[in-house]
Amino acid sequence: LVRRHQDLVDNEPWAKKAIGVTQNNWIGDGIISSPIASTKRYAAAWQDWSSGTDCDFYGRSNLWGLQSQVARTTAVRGACLIRKRLAPELYERGLAPVQLQVLEPDWLDFEKDDGDRIQFGQQFDELGRLEGYWIRTSHPGESGVIRSLGRSEFVPKSDCLLHFETLRPGQR
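Reading the values: the criteria
- Residues numbered from 1 in each chain as written.
- Predicted model: local features only at pLDDT ≥ 70, side-chain atom pairs only at ≥ 80, totals over all residues.
- Heavy atoms only, no water.
- Pairing = 2+ DSSP bridges.
- Helix = DSSP H or I, 4+ residues; strand = E, 2+ residues; numbered from the N terminus.
- Core = buried A, V, L, I, M, F, W, Y, C linked by side-chain atoms within 4.5 Å.
- Buried < 20%, exposed > 50% of the residue type's maximum accessible area, 1.4 Å probe, protein only.
- Contact = heavy atoms within 4.5 Å.
- Phe/Tyr/Trp six-rings, centres within 6.5 Å; stacked < 30°, edge-to-face > 60°.
- Lys NZ or Arg CZ within 6 Å of the ring centre and 35° of its normal.

Q: Hey, could you run me through the sheet that holds strand 5 (residues 130-136) in this one?
A: Two pairing modes exist for strands in a sheet, parallel and antiparallel, and in both the strands are linked by backbone hydrogen bonds. Strand order in this open sheet of four strands is 3-4-5-6, and the pairing throughout is antiparallel. In this open sheet, the two edge strands, each paired with only one partner strand, are strand 3 (118-119) and strand 6 (152-156). Both strand 5 and strand 6 contribute to a ladder of five bridges, which runs antiparallel. Note that in strand 6 the partner of Arg136 across the bridge is Ser152.

Take a look at the structure:
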């Protein structure tokens, strides 16, 4: 079902248009943010980080482009992973040493499931609170990655977010 939906959005003009309209309604020109009670130096650093491609792990989009990717992925796939990555080289240039990696939900290791504390790649504590995610080391749909398909690493919730529309209390 997910593959068929993705194929429709990729190849059918009406489906592509519908997702574009949804994406535009959610994000528009981008959600504008700025540091609260910051000095001019911090405000300038934020502006430099968010308006350039240094905020993107892949170095392709600015913050508003990343927001657009999250909206589009969520509209098409129902969810989106946003992973925080440390980038010390940015600090040396006076920027926040953080990059955001936007990932399709396929990166979540759904095979990692013990029926108890780990469910579909999400790990919970004994009270049912989220601890983090098991993220694949490579995308399962990419060619030439057979060796690493079964590998995933635990990423604490402080470094990753699974964005989806919560419809019920306690929904996972």
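Q: Just to check I follow, could you spell out the nonpolar core for this structure?
A: Proteins that are soluble and globular tend to have nonpolar side chains buried together. Trp49, Cys55, Leu63, Trp64, Leu66, Val70, Cys80, Ile82, Ala87, Leu90, Leu95 and Val102 form the largest nonpolar core, which has 12 residues in total. Contributions of two or more residues to this core are made by helix 4 (63-77) and strand 1 (79-86). Looking at which element gives the most residues to this core, the answer is helix 4, with four residues. Every residue in contact with Leu95, bar those within four places of it in the chain, is listed here: Ala45, Asp48, Trp49, Asp54 and Leu90. Ranked by size, the runner-up nonpolar core spans 10 residues in total, among them Leu81, Leu103, Ile135 and Val155.

Q: Would you take a moment to explain the packing of aromatic side chains for this structure?
A: In this description, a pair of aromatic rings is defined by centroid distance and the angle of the planes. What the rule picks out here adds up to three aromatic pairs. Plain terms: the ring middles of Trp46 and Trp49 are 5.3 Å apart, the flat faces sit at 35° to each other, and that makes the pair tilted. Taken together, the residues span about one helical turn, with Trp46 and Trp49 both in helix 3 (residues 40-51) at a distance of three residues. The exposure class assigned to Trp49 is buried, which follows from its relative accessible area of 7%. Between Phe57 and Tyr58, the ring centres sit 5.2 Å apart and the planes meet at 80°, which makes this aromatic pair edge-to-face. Its guanidinium or amino end placed over the ring of Phe57, Arg85 lies 4.7 Å from that ring's centre, counting from NZ or CZ.

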